[in-house]
Every structure is written in structure tokens, then in C-alpha cells.
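Analysis of the macromolecular model
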Amino acid sequence: MRHKKWVVLLLVVFGLQSILAACSSEKPEEAAPKAADGVTEIVLWHMEEPPNRVERFKEIIDGFNQANPDIKIISQVQSWGDAYSKFPAAIQSGNGPDLLFTIPDYTTLIKEVADIQPMDDIIASLDEKHDFFETALTPYQYEDHTWAVPVFGMGQVLWYRSDILNEAGLTPPTTWDELKAVAEKLTTGKQYGIALPASKSMATDQVLYSFLASGGAKHIMNGSNEITFDNEKTVAAYQMYSDLLQFSPPDSNTYQWGEPQAQFNAGTVAMAIEKGQYLSTFEAESGRPASDLGVVPMPVGEGGEESSIYIPNGIMLLTGDAKKKEAVAKFFEYLFEPETYGKFVNAEPGLFLPVTETGSQAESFWSDPVISKFKPQVEVLMESSKKGALFGFTDGVASKVGVIAGPNYIAQTLEQMTSAGKSAQEAVSWGQELMEAAVK
Amino acid sequence: MDTLGKAKGAGRLLPYLLVAPIVIWIVITIFIPLFSVIKESFYSTGLIGSKGAFVGFDNYKATLTSPVYWGAWKKSLVWVFGNGLAQTLLAFGIGLLLNKATRFTNWARTWMIIPWIIPTIVVAIFWQWIFNGSYGIFNHILQALHIIDKPINLIGDNTWSLPIVIFINTWHWFPFMAVIILAGLSTISHEMYEAADVDGANKWQQFWSITFPSLGKITFALGLVGTLWSFNIFDTIYILTGGGPAGATTTIPVMIYQQAFESYRIGQASATSIITACVLIVYAFFFIKYVAPKED
Amino acid sequence: MKIFRYIFGVLLTFLIAFPFYWVIISSFKPADQILKPDLFPKVFTLDHYRELLNQTSYLTNLSNSVIVAIGTMAISVLIVIPAGYALYRMKFPGRRFFSTLILATYVFPGILLLVPVYQLMSNLNLVDSLLGLIVINVTFAAPFSVWLMQGFYDSVPLVLDEAAAIDGASRLRTMLVIVLPLIGPGIATISIYAFITSWTEFAFSSVLISSESLRTLPIGLNAIMGQYTVRWGWTTAGATLTLLPVVIFFAFVGKYFVKGLTAGAVK
């Protein structure tokens, strides 16, 4: 008797499940074409959450929608935190966007699960008109296509407080040795020479990579996914980083993006290696004039070259729908027009750098109040971003760079030195092993 | 009793109809998704949604032979015992403190639960702000008292991070435990203590001979549900430390999350979950079998 | 002994109250003072609040949180009360199995269910809708609520049901007319429990919601913390605004919740 009931219950459960399954297989057809009244709707997801960026992107998109009544771009703010869990699931179940912001390693990863459309035509016509920078374009070019339209770049430089350096009679460093010497001299009492992140985070990955790039160790893997991380120059870069950590505040191993900047603005540290977001808040938070915000390219290590991390952010197209594609092409045309484009990248002045020749000369870019005030600093940022590099994209495109970036292996290698007490060589070998296991 | 015992005809179905909504609800939202976890555990799936190959028990073998997995178990055990101990002590302390019903204790009972009603992310902000390694008030106080001369960074410290995260989670949860324990204490009649007083038992003896045994059902529930709850806590740890530094706070749920969403090994993460769930089921089974207070 | 109790009480009060005090008071300090350890602000400012309310969709998030919490509350009560009645007042084959099944919900690490639950919700067309959040919150709130109801049901003498049966009332009628009014405090308790569970939920809300206009408060707060800047003024003000509504709610109903738990839950 009892058993019968269980059987019934189980049947009900499986019945429900198959109904659900049936529903799901029917859904895509009804969900796809929504343009009943002749308006093509395009859903765009971006992950730039701070309110000022959200607001500016919205302005730009509203402008486009008004000029093109037959197209409606709907922008939705997402979080990078969900990019690896929610987005793939959303895309697979037909709830994904038509346009998705990206960075190069994310594109290699998402390509496995989503039907990313080649954007060769759009790129070709934009390139002709506006001339893309090579460093921005190449990380998206592999397998005979271009997989995203780069929209802005981010590059790292060495920021310094010129008030603090001047007072100590020091000049900004150009080599690692000088950097170490300056950091040491400026570490006194409550003040530290430099703020470096040492947590397991993307922020640490990036600053560390600026050291790898400037120390001649920018190739951590090649186009056939072979890991070339364990070498003398990598070890030297890690040694340098951990030496510098003595002159960084004691809580560096919880630092991500914001903390070094907060310390820098508070005047408790004299230097930091970061991207251009330092411009907009400097005066208000430090109470110092704009001229006290000093900047030089990333210092160079022995046997290295002038370089640092450079991350071109792009937009991918996830729909094959011809009508939508046409609308998207129109949107990019509008976006890269110099008068719009400058406004767009200045959603976060200094952090988002133009990726086109016309954009980098555009009046709308340079006339921004923050950009015009910090003009010399912005020029350093733009100059050094042209020499930038990105791990996994230096020696061919490593299709599996995503599994190196995701778990922050570059930062984890450092943690092996700072927390687990390994030597630089031991830590780098440990990193090499983990990376090899990850790409297998 | 007879009038209720033998329902006839349609009446026999009534209890099933009454439990059906919640059972169906749970089956759909927990057990059906669970099937797909079980399925994935036999595939080499990488990023969610990508197609993996069938690999049999490879994922299980990989997890069971991984030193990282067993290291995470060690941290999880410390986590569960640490939380259990700290929360029980604090909750009992509060329980005994507020057991007498007066206007003040009634008021205090209501408001002491407030750490439990706020979202985890707010709890994390609270304590990150207090323990901040550069300008946290905690460091200022210790420095003012000359206990330390340089700020310390507890949340990011190799040895301190796990205890500190346990402390923060305890702060979040002990009020709830305290209310449950208060509930238990309120069932003990005064006469029992008075009788014990007459017998000359001191407070300590009274606690062990009267208070503690009377809380049988409570301790059982907390021992079972509380342990499972606390074992599966993920957000507090992840928001505070992300599992670091160098894996010092990587408990099993954090490890599962990292495998799935940072290393993009959904198949592997699924196998790890299934193995872990099995261990928890065995724990629950033995706990129910040997610790459950006898019914009726 | 008494002095020991007193000290313990003061310490506990401090432990519970200080973090609240410190974060709330920090949120009123101007940006250039917030990093200083003053126990009381030299200057009060509402700047952080003004900026937050102007630049984020706090009020929308708030109303979403309230809608989801009330929905979770209502459905939890609707499915928990009948189930509790069956499990604790009726005898039928499979009773033990069902109560084990319901509590077994807590065995699985919720975090791994994120993805399959997303796929399930997508099949049900509940992604990016508040209803989807309600559905999953009920799953997390209901099992413990069932357990909580046991004490309340046990405290109503079975004799009442028997008497009703002799009078010819059906079981369903007995439940609704005789037992239900007597477990009022229990209903209040599990309602509040469901409300709080829903209010604090984070992981599933962040995965299931895409539109900004459907975010709940914790998700909104997480977005405020952003990715590039540590603005303790905003963070502390955001935290204060996130906890404020639930504290106000609790000021009205907390009494019943705690009383309900302490009085009826365990017999």
C-alpha cells in the first residue's frame, strides 16, 4: 500500500519535470521577435555600476533612441560579479542581452557558451572612418574574425603625490631600482611609500601584471595555451613586488581597487600603480590642487621595456537577427562619431580612454572639465596605453586565458609568498603548476 | 483517539492534500535542480552551459584525491565547531540573563535579536569598517591603549582571518539562537528549581541537572538544523575574505563556489557538492538516530 | 554573582549595539572626517544621504524588497499552516518521510543550486521578476517555519479536534474554525520569520534579477559599493538606509515574534 503512494508521488514529480522541459523547448520561438510595432528593440548589458557612469551611458543611449525612433536600445546595468555565473545561464536560456560589454579574456570564455557574432563588417567601416588603435583591436581578433568592438581602453601608470615627493626632494622614478629607493625613503612613521594590492583579486592581478610587462615577462602563455610563466624574469618581478610590499600599508593584502586610491588621496601613501580613475576624485578627496597629482609611465625593470597592463573593453554582439544587426551597426556609427564618443568615454574621465584616432583628438573628449584640468596627466595615460599589453594576448591569443584570469592565479602566486612564506622562485613554480593544471 | 485515528474515504487523502503544496514546492525548487547537479557531476562541463563530455566518476576521483578538498574540510570543521561553540555560549548567556520575565527583559529580548534581522552585506560592512586595517576604530583603540604600535589587519591575516570571520558570523546569528534557547528555558517550571534549592543544589548543578536536559529538543534541533545551516553559510565568508588569504578561509561552500564560478569547472563543483551532501546526510542520519529525543 | 551578570549584560549590549552606533554615526560625518576615529562627529552632514537618494534608486529597491518580503510571507503561511496541521495533528503513513523531506532542504549547499535554479526559473518564465524571488525565498523560509509550528500546534489540546469530530465537523473545518484562531501567535511568528529571510536574501536575488528597476535593497547596496571606489560615506549611509526599514518594521512586530517564539514554540 505504502509503496504505491511513493510511486504516485514520483510519477507526479517526473510528470511536472517533463512539463517544464516541454515548456522550455517551446520558448525561444515566442521570445525572439518582439518588434511587433516596427521598433527594433536591442537589450544592452553593461557592468559599469557607479551612478555617474550609469547616468552618462543612459544619456548617450537616450540620444540615440531619440534620433532613431525605429530603434530602441534598452540598457541594463549588471555586475561583473555575475558575469561568470548568471550571464552564461541567462544567454543559454534565451534571457541574455543582444549587446554585452566585455574584456578580452571574458570573450574567450563566453565564446564557448554563446553564439557570439563576428563583427568584421562593423569594425571595417568604423576603422576606416575613425582608425582603431592596434592594441585595442588585436585582443579581439582570432579565428579569422573580430569578436567585439573595442569601446574604451584602460591603462596603468605610476601615480605619485608631487607635494610629498617635492618635500622630500625626490624625483619620480623611471626604473624599478629608483621606485624601490623612493618608496623606501618615503616610508616614515604613519606614511607609506606606495600602496599595492596583495589580495586574491583582479586588482592585484593587474598591478602585478604591470610589473611582469615592464620587467620583460609579459608572455605568461602563448597561442597554443602553453604556460610560459616560470622564468627568471617573472621571478624577479615577484621578488620586486614583495620587496615593495614592505613599503605598502600593513593591510595591503585586503586591498582591491579602492583602497590604494583612498590612501593616496588621504596622503598616507605617496605612490600607487593604477588606471585613470585617480583624476576625478583627487582634488575633492585630497584637498590638494590638480598639479599635486603626478603621473609617470610604469617604471622599467632590468632587461624590461616600458609597458604596463592595458585592457581594451569592448562590446559583443549576441544576436544573429539581421534587423537587429543593422540597428547595432547604426548604434556604433553614432557612438564613434567624435562629438558623441568623447562624451561617452568621459563617463569616467581618465579611466576610460579613447581607442580611436579621431576619438583621441575629439573636442568632446578634451573639453570635459576633468580631462581639461588634468591634460598633461591624460596625455601620459594615453601615451603609455599604446605600449600596453594584456596577459594571454601577447604571444598569439591564448583561448584558455579565462581559466587563468578567473581564479586570479597571478595574485594567488603572490599570496604564496606573502601568506605561505614561499620564496619567489617557489611561488612562481607553484603558479606555473596550477596554471598548467587549469588549462589541461 | 479513535475518532481521529480512522478517517475514511476522502478523509484519508486529506493529510496528503494538506502537505502537498509545500512538498511539491520544495521538490520543484530544490530536488529537480538537484537532479541537474547530479547529472553534471558526471560530465567534464567547464563554464556553465558549455557542453562537457561524459567522464564517469573522474570528477569524484579528482575531488576525493584533492588535498585542497580535505584542507577545506578542516576549515569547515573549525568553522562549524567555532560557530557552534561561540553561539551556544553567548546564546546561553543571554538566555540565562533574560530568562526572568520583567518589563526590561521583554524589551531586551526583542531588541537583542537585531543583528539577525539585517542583511549579511550590511553585517559585512559593519565589521569591515570596524576592523579596517588602516583606519578601523578597533585599531585606533588598540593603539591608544598601547596594545599594538602599528595597525593590524585581522581580516587579512593568515592566522586571524578564520577566527575573525567566525566571530562576525557569530555576531550575526547568536541572537537567533538565543531566542530559541529562551523559548526552551521558558518551558521549565519554577517549581523544579525551587525543589532543587530545597535539596541544596547550587546554580551550576541546577543548570546541568535541570536546565540542560529540559532543552533536549532544542539542542537537538540546533545540533541538526543549526549545524547544517552554519556549514552551508557562504555569503558571509565570501563577502568578507573571498576565501583568502591564501585559502585560509576557504570552507567547503566557498571552495564549491570557486570551482564553479572562478575556475569554471561546473562538473567538478557538482561532484564536490554531491560528495559533501552525502557526508552531511550521513551526519544527519546518525544524529537523528542517536541524539534525537524520544518522541512521546 | 549579581555583579557578574551585570558586567556580562553591559558587555553584550555593547557588543550588539556598538557596530550599529559606529556605522550610523560615521554616515553623518563629512567626507574629510570620516576616516578619523571621533566617537561623535564634530560636524553633522546629510551629504552622503542626499547623494545616495539622488543618484541611486533606493526607493525603488525598497519597494521591491517590501513586495518580495510580503509575498514570501503570504505564501509561506498559506503552505506551512496546512502542512503543519497534517504533520502534527494527523496520523498518516509517510508522516515521518514528509517531515524529513522538508527539513532535508537544508542539507544541500544552496550556492550550487544557483545555476539549476536559474534554469528552472527561466523555464517557468520567472527570471527577472519579483515573483521568481518570492518563489525561491519561500523555499528557504518554509521548512524551518514548519518546524516552528510544531510547538504551536502541540499547545492546542487534541481534545478540541476530537470534540469537533464528535459534533460532526470535518477535519478541514476543524482546522480552519477551531485550531487556526488558537495558533495566531504562531502565524505571526512564521510570518515575521519569512519576512526577515526574504529581506536578507542576497545570492539568488543577484542572479535572478537583471533589470535595475527590480533590484532589492541588498543588491542595490552591493551596486553602491561599486567596483572602483571605496567611499565609506556612501557605504555607511547605504548600510544605514538598508537596515532602517527592517528595524522600523521590527519595532512594531518584534515583540510578537520573540514572544511567539518563546511562548509557544517549544512544548
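Treat the numbers as computed from the prediction; the structure is a model and nothing was measured.

**Comments concerning the sheet that holds strand S11 (residues 310-317) of chain A**
Residue and element names in this part refer to chain A. The sheet built from five strands is open, its strands ordered S2-S1-S3-S11-S6 with mixed pairing. What marks the edges here is a single partner per strand, and that holds for strand S2 (71-77) and strand S6 (149-155). Going across the sheet, the axis of each strand differs from the next one's by a mean of 20 degrees, ignoring polarity. Here helix H2 (residues 51-67) sits on the sheet and contacts strand S1 (40-46) and S2; the angle it forms with S2, its principal contact strand, is near 170 degrees. Along the sheet face, helix H13 (residues 322-336) touches S1, S2, strand S3 (99-102), S6 and S11 and points at about 60 degrees away from the line of S1.

**A few points about unusual backbone geometry**
Residue and element names in this part refer to chain A. You will see that Asn225, though not glycine, has its phi angle at about 60 degrees, which is positive. Here Asn225 lies in the loop between helix H9 (202-214) and helix H10 (232-244). Phi is positive for Asn408, which is not a glycine, with a value near 55 degrees. Along the chain, the position of Asn408 falls in the loop between helix H19 (402-405) and helix H20 (409-418). Judged by local crowding, Asn408 falls into the buried class, with 22 C-beta atoms found within 10 Å.

**Observations regarding the domain arrangement of chain A**
If you check the domain split of chain A, you get domain 1 (40-153 + 311-376) and domain 2 (157-308 + 407-439). Taken together, the residues of the side of domain 1 of chain A that touches domain 2 of chain A break down into five nonpolar, one polar and two charged.

**As for the confidence of the model for chain A**
A residue-level look at chain A finds 92% of positions with pLDDT of 70 or above and a mean pLDDT of 88. In this model, residues 1-35 of chain A is a region of pLDDT below 50 whose contacts with residues beyond four sequence positions or in other chains number 16 contacts.

**Things to note about the packing of H10(A) against H20(A)**
Residues and elements named next belong to chain A. Where H10 contacts H20, the axes come no closer than 11 Å and their chain directions differ by 60 degrees. Regarding the angle of H10 to H20, the classification is oblique. Helix-helix and strand crossings are classified by hand; for H10 and H20 the assignment is right-handed. Taken together, the residues of H20 that come into contact with H10 (itself represented by Tyr238, Tyr241 and Ser242) are Thr413, Leu414, Met417 and Thr418. Partitioned by chemical class, the residues of the contact of H10 with H20 number four nonpolar, three polar and no charged.

**Notes on the interface of chain B and chain C**
Every contact between the two is made by 73 residues of chain B and, on the other side, 78 residues of chain C. Ranked by residue count, the leading element in the side of chain B that touches chain C is helix H2 (residues 10-40) of chain B, at 17 residues. Across the side of chain B that touches chain C, the residue classes break down as 54 nonpolar, 16 polar and three charged.

**Observations concerning the interface of chain A and chain B**
Listed by partner, the interface residues are 28 residues for chain A and 26 residues for chain B. When residues of the side of chain A that touches chain B are traced back to their parent elements, those giving at least two are helix H1 (2-31), helix H3 (86-92), H19 and H20 of chain A. For the side of chain A that touches chain B, the residue count by class is 13 nonpolar, eleven polar and four charged.

**Structural notes on the pairing of S6(A)**
All names here are of chain A. In terms of burial, S6 is largely enclosed, as seven of its seven residues are buried. Pairing between S6 and S11: six bridges, direction antiparallel. From the neighbouring strand, Val149 faces S11, where its bridge partner is Ile315.

**Regarding the sheet that holds strand S9 (residues 269-274) of chain A**
Residue and element names in this part refer to chain A. Reading across the sheet, the four strands line up as S8-S9-S7-S10 and stay open at both edges, with mixed pairing between neighbours. The open sheet has two edge strands, strand S8 (192-195) and strand S10 (293-296), and neither has a second partner. Averaged over all pairs of adjacent strands, the angle between strand axes in this sheet comes to 20 degrees, irrespective of strand direction. Bridge analysis of strand S7 (residues 157-161) against S10 gives four bridges, and the strand direction is antiparallel.

**Some thoughts on the nonpolar core**
Core analysis: the largest hydrophobic core is formed by 288 residues, its most contacted members being A:Trp159, A:Ile194, A:Tyr241, B:Ile22, B:Ile181, C:Val80 and C:Leu114. Broken down by element, the residue count for this core peaks at 15 residues, all from helix H9 (residues 161-185) of chain B. Setting aside residues up to four positions removed in sequence, A:Tyr241 forms contacts with A:Leu196, A:Leu208, A:Phe211 and A:Leu414.

**Structural notes on helix H5 (residues 120-130) of chain A**
Residue and element names in this part refer to chain A. Along H5, the residues classified as buried are Ile122, Ile123, Leu126 and His130. Down the axis of H5, the smallest arc covering the buried residues is 95 degrees, so these residues share one side. Residues Asp121, Ala124 and Glu128 are exposed on H5 and point more than 90 degrees away from its buried face. Looking at the residues trailing H5, positive phi occurs at Asp131, about 60 degrees.

**Here we look at helix H9 (residues 184-200) of chain C**
End to end, H9(C) covers 25 Å across 17 residues, agreeing with the expected 24 Å (1.5 Å per residue, within 8%). In terms of burial, H9(C) is largely enclosed, as 13 of its 17 residues are buried.

Reading the values: the criteria
- Counting starts from 1 at the beginning of each chain's written sequence and moves along it residue by residue.
- Written order decides the labels, with chains lettered from A and ligands numbered from 1.
- In keeping with the model being predicted, local features are shown solely for residues with a pLDDT of at least 70 and side-chain atom pairs are shown and tallied solely at 80 or more, while totals for entire chains, interfaces and linings include all residues.
- DSSP calls a pair of strands paired once it identifies at least 2 bridges connecting them.
- Under the DSSP-based scheme used, a helix requires at least four consecutive residues in state H or I and a strand at least two consecutive residues in state E, with every element numbered from the N terminus.
- To obtain each axis, a line is fitted to C-alpha atoms, and for helices this fit is confined to the stretch in contact; angles are then taken between N-to-C directions over 0 to 180 degrees.
- In this description, a residue-residue contact is defined by the distance between C-beta atoms placed from the backbone, which must lie within 7 Å.
- Buried, partly exposed and exposed are defined by the number of other C-beta atoms within 10 Å of a residue's own C-beta, namely 20 or more, between the two limits, and 12 or fewer respectively, with C-beta atoms placed from the backbone.
- Where a domain begins and ends is set by an automatic assignment or by a domain database.
- Any residue that is not Ala, Val, Leu, Ile, Met, Phe, Trp, Tyr, Cys, Pro, Asp, Glu, Lys or Arg is counted as polar, Gly included; the first ten are nonpolar and the last four charged.
- pLDDT expresses how confident the predictor is about each individual residue, on a scale running from 0 to 100.
- The cut-offs work like this: below 35 degrees is roughly parallel, past 145 is roughly antiparallel, 65 to 115 is roughly perpendicular, and the gaps in between are oblique.
- Working rule for handedness: look at the near helix, and if it is turned counterclockwise from the far one by less than a right angle, call the crossing left-handed; if clockwise, right-handed.
- Joining buried Ala, Val, Leu, Ile, Met, Phe, Trp, Tyr and Cys residues through C-beta atoms within 7 Å gives a set, and that set is a nonpolar core.
- Here the arc refers to the directions that run from the helix axis out to each C-beta atom.
- Multiplying one less than the number of residues by 1.5 Å gives the expected span of a helix.

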